[in-house]
Amino acid sequence: NHCRRHCHYCGLAAGQEGLFRYRMDDDEICAAARLARDCGYGTLVLQAGEDPGLGSQRMAELIRRLKAETGLAITLSLGERSDADLQAWRAAGADRYLLRFETSNPQLYRRIHPNHGSEISNRLALLRRLKAMGYAIGSGFMVGIPGQSRADVAQDLCTLAQLDCDMIGIGPYLAHPATPLGKRAAGNRPERDQCPADLDTVATAVALARLLCPWANIPATTAVATLDPQHGREDMLCRGANVVMPNCTPLAYRELYQIYPDKACQHESAEQCHSCLNARLRAIGRQPGEGPGHAQPRDRYPMPAIPLPGSQPCLL
Ligand code: 5AD
Ligand code: FES
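Residues numbered from 1 in each chain as written. Chains lettered and ligands numbered in written order. Predicted model: local features only at pLDDT ≥ 70, side-chain atom pairs only at ≥ 80, totals over all residues. Heavy atoms only, no water.

Student: Report on unusual backbone geometry, specifying residues and quantitative values.
Tutor: Of note in the backbone geometry, D164 takes a positive phi value of approximately 60° without being a glycine. On the secondary structure map, D164 appears in the loop between α6 (150-163) and β5 (167-172). Positioned with a positive phi, D262 is a non-glycine residue whose angle comes to about 55°. As for its placement among the helices and strands, D262 is situated in the loop between α11 (251-254) and α12 (270-283). (Helix = DSSP H or I, 4+ residues; strand = E, 2+ residues; numbered from the N terminus.)

Written as structure tokens, this is what we have:
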């Protein structure tokens with residue numbers, strides 16, 4: 001949970017005080033990965049803050065070891081790193097990289113990402129380079145960020161289509177009271193065209209993402225499950241999402257990884273989360289797939305190229 005960024009919405013941001021910072025060691029990570037494999041999962045996401053303490057070589061060795069020990073497809077979600085690091089990890093066997101753009105509105109992006117050099121254009125360029133390096137790429141955004149309009153979300157959806165994402169993560173913005181954005185929003189009246197951070201709006205965005213990128217893997221995100229623990233994930237799975245992401249992080253670390261408060265699945269072990277999710281899937285008549293879970297081949301979905309909106313107004 002170390003991070004060098006100061007994102008205004010995130011509970012793990014560099015400025016957050018009173019948070020015990022930890023790094024899992026390689027043996028702990030491999031043990032968690034074996035649990036995932038034993039649950040029958042075909043793929044694993046390794047996520048951390050943007051942490052310079054995660055050295056390039058250490059990560060490369062870890063990826064090789066995980067591949068050798070478990071054979072799982074590996075997705076990295078480690079923030080913006082140098083091209084050299086990203087290439088080394090790809091060469092070590094990493095299959096996919098997740099990096100949300102959070103919002104495609106350049107002014108809003110700048111406002112909530114105060115670090116020097118935080119520009120939406122940099123992030124989109126990095127996503128394109130990741131693709132060129134051979135990664136399957138995932139991106140996405142939050143719905144209902146204070147100051148985000150519905151038109152912004154429409155542009156976010158177009159941006160996903162432009163990026164030609166293999167994986168798409170869309171979740172509600174959840175106010176974290178210890179963050180600058182969480183504090184500010186609490187006292188402010190929302191602007192008139194503020195996009196709501198509710199389940200229905202997120203589900204609409206997920207459904208539109210499914211139509212725009214029919215080949216993509218779209219998770220029913222943990223943030224959705226946090227917003228509505230009873231029905232959140234199930235609603236998304238019935239409206240365009242096709243992936244669930246059970247948590248295999250050792251219990252001791254979960255409460256230290258609160259990007260936002262009351263994160264779903266916080267108190268359940270990997271095995272409990274596994275059986276809970278299985279029961280939830282069964283209840284809506286679904287069963288988990290097998291294998292590495294790659295995105296569907298594009299040519300299965302012959303559809304006209306989406307006109308790239310660029311600075312044009314989006315037609316959605
Ligand atoms: N509410 C909802 N989602 C958040 N994320 C970060 N902070 C919040 C928040 N307060 C999401 C971001 C990030 C992902 C790891 O978690 O979209 O990319
Ligand atoms: Fe993780 Fe229910 S889905 S505990």
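Student: With reference to specific residues and values, describe the side chain of N217.
Tutor: Along the chain, N217 turns up in the loop between α8 (199-212) and α9 (222-227). Residue N217 is classed as buried on the basis of its relative accessible area, which comes to 14%. (Buried < 20%, exposed > 50% of the residue type's maximum accessible area, 1.4 Å probe, protein only.)

Student: Describe the packing of helix α2 (residues 56-70) against helix α3 (residues 83-92), and please don't skip the residues or the numbers.
Tutor: Put simply, α2 and α3 touch, their axes get as near as 8 Å, and they point 20° apart. Comparing their axes, α3 and α2 come out roughly parallel. When you trace α2 past α3, the crossing you get is right-handed. Of the residues in α3, those touching α2 at S56, M59, A60, I63 and R64 are D85, A88, W89, A91 and A92. Partitioning the contact of α2 with α3 into residue classes produces seven nonpolar, one polar and two charged. (Axes fitted to C-alpha atoms, helices over the stretch in contact; angles between N-to-C directions. Parallel < 35°, antiparallel > 145°, perpendicular 65-115°, else oblique. Left-handed = near helix turned anticlockwise from the far one by under 90°. Contact = heavy atoms within 4.5 Å. Nonpolar A, V, L, I, M, F, W, Y, C, P; charged D, E, K, R; others polar.)

Student: Outline the sheet that holds strand β2 (residues 73-77), supporting the account with residue identities and numerical values.
Tutor: Pairing is parallel across the open sheet formed by five strands, whose spatial order is β1-β2-β3-β4-β5. Every other strand in the sheet has two partners, leaving β1 (43-47) and β5 as the edge strands with one partner each. Each adjacent strand pair in this sheet contributes to an overall mean axis angle of 20°, direction not counted. Summarising the sheet, β1 and β2 pair through five bridges and their orientation is parallel. Directly across from L44, in β2, lies its bridge partner I74. Along the sheet, α2 makes contact with β1 and β2, crossing β2 at roughly 155°. The sheet contacts of α8 involve β4 (136-143) and β5, and relative to β5 the element is tilted by about 165°. (Pairing = 2+ DSSP bridges.)

Student: Let's hear about the side chain of T70: which residues, and what values?
Tutor: Inspection of the secondary structure assignment puts T70 in helix α2. Here L66 takes part through its backbone oxygen, which lies 2.7 Å from a polar atom of the side chain of T70. Each residue touching T70, except ones within four places of it in the same chain, is listed here: A33, R34 and R37. (Polar contact = N/O pair within 3.5 Å; in protein donor to acceptor, adjacent residues only side chain to side chain.)

Student: Account for the pattern of salt bridges, with residues named and values stated.
Tutor: A full pass over the atoms with the stated rule returns 19 salt bridges. Note that R280 is salt-bridged to E234, the shortest N-O span being 2.9 Å. Taken together, the residues span a long stretch of sequence, with R280 in helix α12 and E234 in helix α10 (residues 232-237) at a distance of 46 residues. Judged by its relative accessible area of 21%, R280 falls in the partly exposed class. Salt bridges sharing common partners tie together R4, R5, E50, E80 and R123. (Salt bridge = Lys/Arg side-chain N within 4 Å of Asp/Glu carboxyl O.)

Student: Tell me about α3, and please be specific about residues and values.
Tutor: Buried within α3 are the following residues: D85, L86, W89 and A92. Seen from one end, α3 has its buried residues packed into an arc of 125°, which puts them on one side. Exposed and facing more than 90 degrees away from the buried side of α3 are A84 and A91. Residues of α3 that are buried in the fold lie against α2, β2, β3 (96-98) and α5 (120-132). Positive phi appears at G93, one or two residues downstream of α3, with a value of about 120°. (Arc of directions from axis to C-beta.)

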